[in-house]
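What the coordinates show
This is what each chain is made of:
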Amino acid sequence: GRAAALSAAVPLVHSLKDESLRDEYARRLAGWIGDQNPDFVPRVLRMVRGGARTSAPAPARPTAHADNVVLQTEQGALIAAVRHPAGAAGFDEVPVEAFTDPDHQALRKTVAAAGGVAAGAQLRPEAWGDALVDAAPDDRVRSLVVALMATSIPADEGAPTSRWVVGTVAALRTLVLAREISAVKGRLERVAADDPVALELHAELYRLELERRAVSEQRA
């Protein structure tokens with residue numbers, strides 16, 4: 001709801017001809033939306049002054065329950081990367097194709113184009129937000145980025161947020177590793193035990209299992 005309100009209201013506030021009135025309503029808009037991040041007000045001011053044309057992102061398509069869990073995990077990791085890149089270590093290791101939703105893939109590409117969370121961790125929040133908006137390929141993806149910026153998470157600072165960020169990114173990496181492990185096991189079932197390829201697959205399976213165990217420990 002907050003993201004949709006922001007996306008709909010920014011063009012309206014930008015249309016005001018009086019610049020001082022426009023800035024005042026931009027500040028009010030940030031307050032009405034209720035985001036407690038101190039960088040949120042200047043971000044809304046920049047959007048209004050620049051006339052950012054945004055539209056509310058389309059909601060995730062309804063799918064089977066298992067798929068909803070996957071979509072929620074993907075979105076959570078993207079929120080972590082956008083809102084708290086310094087704590088989202090490991091996000092850059094998740095490839096674009098690991099995301100199952102086209103919008104999520106577009107957002108993952110945008111994060112990569114902005115330098116990944118490794119770059120975001122070195123920037124102030126507002127600078128990282130600007131970098132993501134600049135890296136977005138079109139208005140639709142920019143609106144999705146803005147929506148993530150306005151999305152509430154358990155807390156904006158402190159231990160609860162840190163645990164949530166680390167756990168969410170680790171959850172996505174666990175899902176991706178589970179898929180890779182399943183694929184390797186499927187290949188093993190189709191290879192003869194004495195085939196040299198089987199030895200390589202067993203080694204790959206062992207590596208993936210170790211990585212999944214390490215990632216699972218991050219979630220604990």
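Residues numbered from 1 in each chain as written. Predicted model: local features only at pLDDT ≥ 70, side-chain atom pairs only at ≥ 80, totals over all residues. Heavy atoms only, no water.

Focus: helix α7 (residues 125-135)
- Trp128, Gly129 and Leu132 are the residues of α7 that are buried. Viewed end-on, α7 has its buried residues packed into an arc of 100°, placing them on one side of the element. (Buried < 20%, exposed > 50% of the residue type's maximum accessible area, 1.4 Å probe, protein only. Helix = DSSP H or I, 4+ residues; strand = E, 2+ residues; numbered from the N terminus. Arc of directions from axis to C-beta.)

Describing the nonpolar core
- Counting 29 residues, the largest nonpolar core has Ala88, Phe91, Leu107 and Leu132 as the members making the most contacts within it.
- Elements with a minimum of two residues in this core: α4 (65-83), α5 (102-113), α7, α8 (139-149) and α9 (159-189).
- Element by element, the count of residues in this core is highest for α4, at six residues.
- Apart from the residues within four sequence positions on either side, Ala88 is in contact with Ala80, Ala81, Val117, Val165 and Val169.
- In this structure, Ala26, Leu29, Val146 and Ala150 belong to the second largest nonpolar core, which totals 14 residues. (Core = buried A, V, L, I, M, F, W, Y, C linked by side-chain atoms within 4.5 Å. Contact = heavy atoms within 4.5 Å.)

Some remarks on the environment of Pro42
- Looking at the secondary structure, you find Pro42 in helix α3 (residues 40-50).
- Looking at Pro42, the relative accessible area reads 26%, which means it is partly exposed.
- On a C-alpha basis, the gap between Pro42 and Ala26 in space is 8.9 Å, while along the polypeptide they are 16 residues apart.

Some thoughts on the packing of α5 against α7
- Two numbers describe how α5 lies on α7: the axes approach to 8 Å, and their chain directions differ by 115°. Judged by the sense of rotation from one axis to the other, the crossing of α5 with α7 is right-handed. Facing α5, whose interface residues are Thr110, Val111 and Ala113, α7 presents Trp128, Leu132 and Ala135.
- Class assignment of the residues belonging to the contact of α5 with α7 gives a composition of five nonpolar, one polar and no charged. (Axes fitted to C-alpha atoms, helices over the stretch in contact; angles between N-to-C directions. Left-handed = near helix turned anticlockwise from the far one by under 90°. Nonpolar A, V, L, I, M, F, W, Y, C, P; charged D, E, K, R; others polar.)

Concerning the environment of Val13
- When you line up the elements, Val13 lands in helix α1 (residues 2-14).
- Each C-alpha atom, one on Val13 and one on Val48, is 6.5 Å from the other, the two residues being 35 residues apart in sequence.
- Aside from chain neighbours lying at most four places away, what touches Val13 is Arg22, Tyr25, Ala26, Leu29 and Val48.

Remarks on the environment of Val10
- Among the secondary structure elements, Val10 is positioned in helix α1.
- Once the C-alpha coordinates of Val10 and Val48 are considered, the two residues, 38 residues apart in sequence, prove to be 5.7 Å apart.

Considering the side chain of Arg83
- On the secondary structure map, Arg83 appears in helix α4.
- For Arg83, the side chain forms a polar contact with the main-chain oxygen of Met149, separated by 3.3 Å. (Polar contact = N/O pair within 3.5 Å; in protein donor to acceptor, adjacent residues only side chain to side chain.)

Digging into the pattern of salt bridges
- Throughout the structure, instances matching the rule amount to eight salt bridges.
- Arg212 is the salt-bridge partner of Glu209, the closest N and O atoms lying 3.0 Å from each other. Of this pair, Glu209 and Arg212 both sit in helix α10 (residues 196-219), three residues apart, which is roughly one turn of the helix.
- Take Glu209: its relative accessible area is 24%, and that puts it in the partly exposed class.
- Residue Arg212 is classed as partly exposed on the basis of its relative accessible area of 26%.
- Salt bridges sharing common partners tie together Glu93, Arg173, Glu204, Arg207 and Glu211. (Salt bridge = Lys/Arg side-chain N within 4 Å of Asp/Glu carboxyl O.)

Observations regarding the side chain of Thr73
- The residue Thr73 is located in helix α4 in this model.
- For Thr73, a relative accessible area of 14% corresponds to the buried category.

What to know about the confidence of the model for the chain
- Across the chain, pLDDT averages 81, with 81% of residues at or above 70.
- Segment residues 53-66 is flagged for pLDDT under 50; beyond a separation of four residues in sequence, or across chains, it makes 22 contacts in the model. (pLDDT = per-residue confidence, 0-100.)

Side note on a nonpolar patch on the surface
- Taken together, the side chains of Leu21, Tyr25 and Trp32 define a hydrophobic patch exposed on the protein surface, amounting to about 330 Å² of accessible area.
- As for its position among the elements, Leu21 is in helix α2 (residues 19-33). (Patch = residues over 30% accessible without salt bridge, like charges linked within 9 Å, V, L, I, M, F, W, Y side chains within 5 Å. Areas by Shrake-Rupley, 256 points an atom, 1.4 Å probe, with all protein chains shown as cover.)

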